[in-house]
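Residues per chain, in single letters:
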Amino acid sequence: AEKHAGVSCVTASMDDIQFEEAARVGQIISIKAKVNRAFKTSMEVGITVTVQDILTNVEKMVSVAYATYVAKPVGDEKIELEPVKVLSKEDQLEHTLAIERRKIRLGYEQVFQNLMQESNREGKYCDTFEEGDAVSADLTHVQSIELVLPPHANHHGNTFGGQIMAWMETVASISASRLCRSYPILKSVNMFKFWGPSVVGDRLVFNAIVNNTFQNSVEVGVRVEAYNCEDWIKGRARHINSAFLIFIAVNDKGEQLTFPRIKP
């Protein structure tokens, strides 16, 4: 992203990430990234991750993700990006799909916001619930606090988006494990949005809770809030990230486990 912009860039959002294969200790991971399209002041970067087993030499796809970056200007000046040069048929396809992914992402966010507003105003989308043998969602609530140190940040002092995602996955995994009593496997990350930056010295508070279960999968919602020293004393939080993580769990035979029902 910085090669294309010629200046520093910050992550604005990540489209939904699907994990097709798990990477394990001793395997070789290859990561390829390129700018697919520039949108005046933002750009889409396509990221492909593959894993290679050194014993069998078999290479498998782990994930394909699309990140949106914005240029970090000096002062208040806005930076307009140059168009991406399309060199191959594959580049042309990604260039065309990038605008469609952007439309879907923006439309999806608007639909989601409308649903939340209607739900808060009229109490809609609250299903009637029968207790039965359901597990209370409160039992899945997990909170974690991390201090942003220099190794967690880039040369501007802003926390790496990947570091935040790693912390989010950890707290979400613990939340999901309280339902399945096993080690959950992350299958996708949905609606990963950067609402604001965090910097070295900030305290980041991660809150995770199971929103719902779907037979063999579970959705965990994670909210991240940042505090500097003054904010911490006054209890004034900055909401910087939210995401929904989907997990499955398997037994020793590789068979998917069934999650219990959740009581909101």
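Residues numbered from 1 in each chain as written. Predicted model: local features only at pLDDT ≥ 70, side-chain atom pairs only at ≥ 80, totals over all residues. Heavy atoms only, no water.

As annotated in an unreviewed UniProt entry, the protein chain carries the name Acyl-coenzyme A thioesterase 12 and is attributed to Dryobates pubescens. According to the UniProt record, the Subcellular location (unreviewed entry) comment for the protein chain is "Cytoplasm". (UniProt positions renumbered as here; feature names shortened; annotations may be inferred.)

A. Just the overall build of the protein chain, in detail. Across its full length, the protein chain holds 4 helices and 12 strands. In summary, the protein chain has a C-alpha radius of gyration of 20 Å against a globular reference of 18 Å for 264 residues, a match within 12%. The principal-axis extents of the C-alpha atoms in the protein chain amount to approximately 60 × 55 × 40 Å. For the protein chain, contacts bridging at least 24 residues in sequence account for 69% of all contacts bridging at least 6. For the protein chain, the exposed surface amounts to about 16100 Å²; the carbon and sulfur share of it is 53%. When the 29 basic and 33 acidic side-chain charges of the protein chain are each reduced to a single mean position, those positions are 3 Å apart. (Helix = DSSP H or I, 4+ residues; strand = E, 2+ residues; numbered from the N terminus. Rg over C-alpha atoms; globule rule 2.2 N^0.38 Å. Contact = heavy atoms within 4.5 Å. Areas by Shrake-Rupley, 256 points an atom, 1.4 Å probe, with all protein chains shown as cover. Lys, Arg positive; Asp, Glu negative; His and termini not counted. Charge placed at Lys NZ, Arg CZ, Asp CG, Glu CD.)

B. The arrangement of the domain arrangement of the protein chain in detail. Entries for the protein chain in the domain assignment read domain 1 (1-111) and domain 2 (133-263). If you average the C-alpha positions of domain 1 and of domain 2, the two centres end up 22 Å apart. The contact between domain 1 and domain 2 buries some 1200 Å² in all, and 53% of this surface belongs to carbon and sulfur atoms. Counting across the interface, domain 1 meets domain 2 through 0 salt bridges. On the surface where domain 1 and domain 2 come into contact, there are 4 residue pairs in polar contact (both at pLDDT 80 or more). Ranked by the residues each element gives to the side of domain 1 that touches domain 2, the list is headed by strand β1 (residues 9-14), at 5 residues. Its residues assigned to classes, the side of domain 1 that touches domain 2 shows 6 nonpolar, 4 polar and 5 charged. (Domains from an automatic or database assignment. Buried area = accessible area lost by both parts, 1.4 Å probe. Salt bridge = Lys/Arg side-chain N within 4 Å of Asp/Glu carboxyl O. Polar contact = N/O pair within 3.5 Å; in protein donor to acceptor, adjacent residues only side chain to side chain. Nonpolar A, V, L, I, M, F, W, Y, C, P; charged D, E, K, R; others polar.)

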